[in-house]
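Architecture and fold: a report
Now for the letters of each chain:
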Protein chains: 2
Amino acid sequence: MNRAAGADPSQLPLERVRVVLSHTSHPGNIGAAARAMKTMGLTRLLLVNPKRFPDDEARARSAGADDLLAAARVCSSVDEALADTRFACAVTARQRNLGPPPLAARAAAAEILARTGDGEVALLFGNESAGLSNVEVQRCQRTVFIPANPDYGSLNLAAAVQVLAYELRLAAFDNDPPPCTRTVAFASPPASHQDIERFYQHLERVMVHSGFLDPQRPRRLLPKLRRLFGRAALERDEINILRGLLDAVERQSNAGHVDRREGIGD
Amino acid sequence: MNRAAGADPSQLPLERVRVVLSHTSHPGNIGAAARAMKTMGLTRLLLVNPKRFPDDEARARSAGADDLLAAARVCSSVDEALADTRFACAVTARQRNLGPPPLAARAAAAEILARTGDGEVALLFGNESAGLSNVEVQRCQRTVFIPANPDYGSLNLAAAVQVLAYELRLAAFDNDPPPCTRTVAFASPPASHQDIERFYQHLERVMVHSGFLDPQRPRRLLPKLRRLFGRAALERDEINILRGLLDAVERQSNAGHVDRREGIGD
């Protein structure tokens, strides 16, 4: 498909990309990030517990992009910001032990754009000094790194947003269909962020109840399982199967009668 | 040629790239530009008649790149800043009537890198609001534009430096720079075919025993789960976790006492 044909067909995919800034300390960076987004045609900014927002410095640094600031959604958690996304990437220079597979910025832009065909996608950026926590990273299906100087790889937050927004715009206007790492066509739509998190909660409950997981000595079992299922990028149909099995196991062990459909939308 | 082979051969060409900022108004942008340069391995900053320099705001925004500020050369004219260069590009969104031929950022990076074989090269950036004058642009062999939103194409000065420095670094590494992270992601060896098949047998046993899978009406549940786990390409460690959980669930439901290690090689 030639995405460049017709009247700015790049807009639709770009409008499905959320930029999520988690625990941003400096309002100037929020404004500069909004400006960086708008220059590349991104519009959807979400802020998780920003230190100061709204703020005059944010408005000043946003230049003409104050419309993005006005429309920005403030969330109280990363889960809230990722709600209803079908694919999320954590932007981090640090490769995590149990983190999702890493992609370089250019490859990530192509994949993110391809995933907009499934619905909402998100790019998650961490705090200026602390970055993203492992818990935040493990909520995403990929990590994204911006190739940088190994001796000094610390991009400013808004500069990182600019580079990724730029790569997304170029990918959106690419005349070739963006490459997608999926080798198997999805049989059912990707699961939503909430469905995936509810599955992990259900799995943990069964692991604890069966005595397999000792909350006092978790042995990183849950991060390892998040890594496994994150790699697979779970589909809605698969979540229903897995949770159906967990329900059957719970009923059998008289773990209390959980509604089989609990928490799964249709 | 794979420039990435050997000990960072990308440094030589990148060290031949001058970043020239002409008549910069805000010292914060000078500091942010220095930081953007250093993250991509550029080192040579030249300032033509900056409004305020040196300056505390420049130092603050440069973060760890104050060494580039200390080494920055202040010039009184663009000609002085471009002295002894063999190739110079004017970064401007506006196409000029009599200006040099325009290149998009990515193509420009490749050409600039190639020209470092001839000697010093330069990227010339104008004032934040006025941009570059025609006289300044006409001192360059090319103009460079960053593809942007036609309705709002105004990148921050340091953001534009970041995008071009990023493209230069990728070009220096033949578009395949290594991640700057050094830690190796957690991974255990891939599971053997036999381990994977034993896992599926074990999973099926639990599915049937829990009543979730009716052998008379299998509803393609097993092929769907094979597709999911096949996509993830299971590792040995993951098989052990999954089978450990299946064992715990079986023991709990008194499904008979299966040897926990049954069938898992070590």
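Everything numeric in this text was worked out from a predicted model, so none of it was measured. (Residues numbered from 1 in each chain as written. Chains lettered and ligands numbered in written order. Predicted model: local features only at pLDDT ≥ 70, side-chain atom pairs only at ≥ 80, totals over all residues. Heavy atoms only, no water.)

1. Here's the deal with the interface of chain B and chain A
- Taken together, the contacts link 68 residues of chain B with 69 residues of chain A.
- Together chain B and chain A conceal approximately 5,800 Å² of surface at their shared face, both sides included; 62% is due to carbon and sulfur atoms.
- The tally of links between chain B and chain A comes to 6 salt bridges.
- Here E235 of chain B ties to R227 of chain A by a salt bridge, and the two come within 2.7 Å at their closest N and O atoms.
- One can count 21 residue pairs in polar contact (both at pLDDT 80 or more) joining chain B with chain A.
- For the side of chain B that touches chain A, the elements supplying multiple residues, two or more each, are α2 (27-39), α6 (105-115), α8 (157-172), α9 (193-209), α10 (221-232) and α11 (236-252) of chain B.
- It is α11 of chain B that provides the largest number of residues to the side of chain B that touches chain A, a total of 9 residues. (Contact = heavy atoms within 4.5 Å. Buried area = accessible area lost by both parts, 1.4 Å probe. Salt bridge = Lys/Arg side-chain N within 4 Å of Asp/Glu carboxyl O. Polar contact = N/O pair within 3.5 Å; in protein donor to acceptor, adjacent residues only side chain to side chain. Helix = DSSP H or I, 4+ residues; strand = E, 2+ residues; numbered from the N terminus.)

2. Focus: the pairing of strand β1 (residues 17-22) of chain B
All names here are of chain B.
- Burial of β1 is extensive: 6 of the 6 residues sit out of reach of the surface.
- Residues V17, V19 and L21 of β1 are buried on one face, and the alternating residues R18, V20 and S22, pointing to the opposite face, are buried as well.
- Pairing analysis gives 5 bridges linking β1 to strand β6 (residues 120-125), with the strands arranged parallel. Counted as the bridge partner of R18 is A122 from β6.
- Where β1 meets strand β2 (residues 44-48), 5 bridges bridge the pair, whose relative direction is parallel. (Buried < 20%, exposed > 50% of the residue type's maximum accessible area, 1.4 Å probe, protein only. Pairing = 2+ DSSP bridges.)

3. Structural notes on the pairing of strand β7 (residues 142-145) of chain A
Residue and element names in this part refer to chain A.
- Burial along β7 is two-sided: R142 and V144 facing one way and T143 and F145 facing the other are all buried.
- Two strands pair when backbone bridges link them, and strand β4 (residues 85-91) and β7 are joined in this way by 3 bridges, in the parallel orientation. By the bridge assignment for β7, A90 is matched with T143.
- Where strand β5 (residues 102-104) meets β7, 3 bridges bridge the pair, whose relative direction is parallel.

4. Quick notes on the domain arrangement of chain A
Residue and element names in this part refer to chain A.
- Here chain A is partitioned into domain 1 (13-173) and domain 2 (193-260).
- When each unit is reduced to the centre of its C-alpha atoms, the spacing between domain 1 and domain 2 is 29 Å.
- Contacts between domain 1 and domain 2 engage 15 residues on the former and 13 residues on the latter.
- In total, about 1,200 Å² of surface goes out of reach between domain 1 and domain 2, with carbon and sulfur atoms giving 50% of it.
- If you look at where domain 1 meets domain 2, you find 1 salt bridge.
- The shortest N-O distance in the salt bridge between E197 and R139 comes to 3.4 Å.
- Inspection of the domain 1/domain 2 interface yields 5 residue pairs in polar contact (both at pLDDT 80 or more).
- Counting only elements with at least two residues in the side of domain 1 that touches domain 2, the list comes to α5 (78-82) and β4.
- Residues of the side of domain 1 that touches domain 2, tallied by class, amount to 4 nonpolar, 5 polar and 6 charged. (Domains from an automatic or database assignment. Nonpolar A, V, L, I, M, F, W, Y, C, P; charged D, E, K, R; others polar.)

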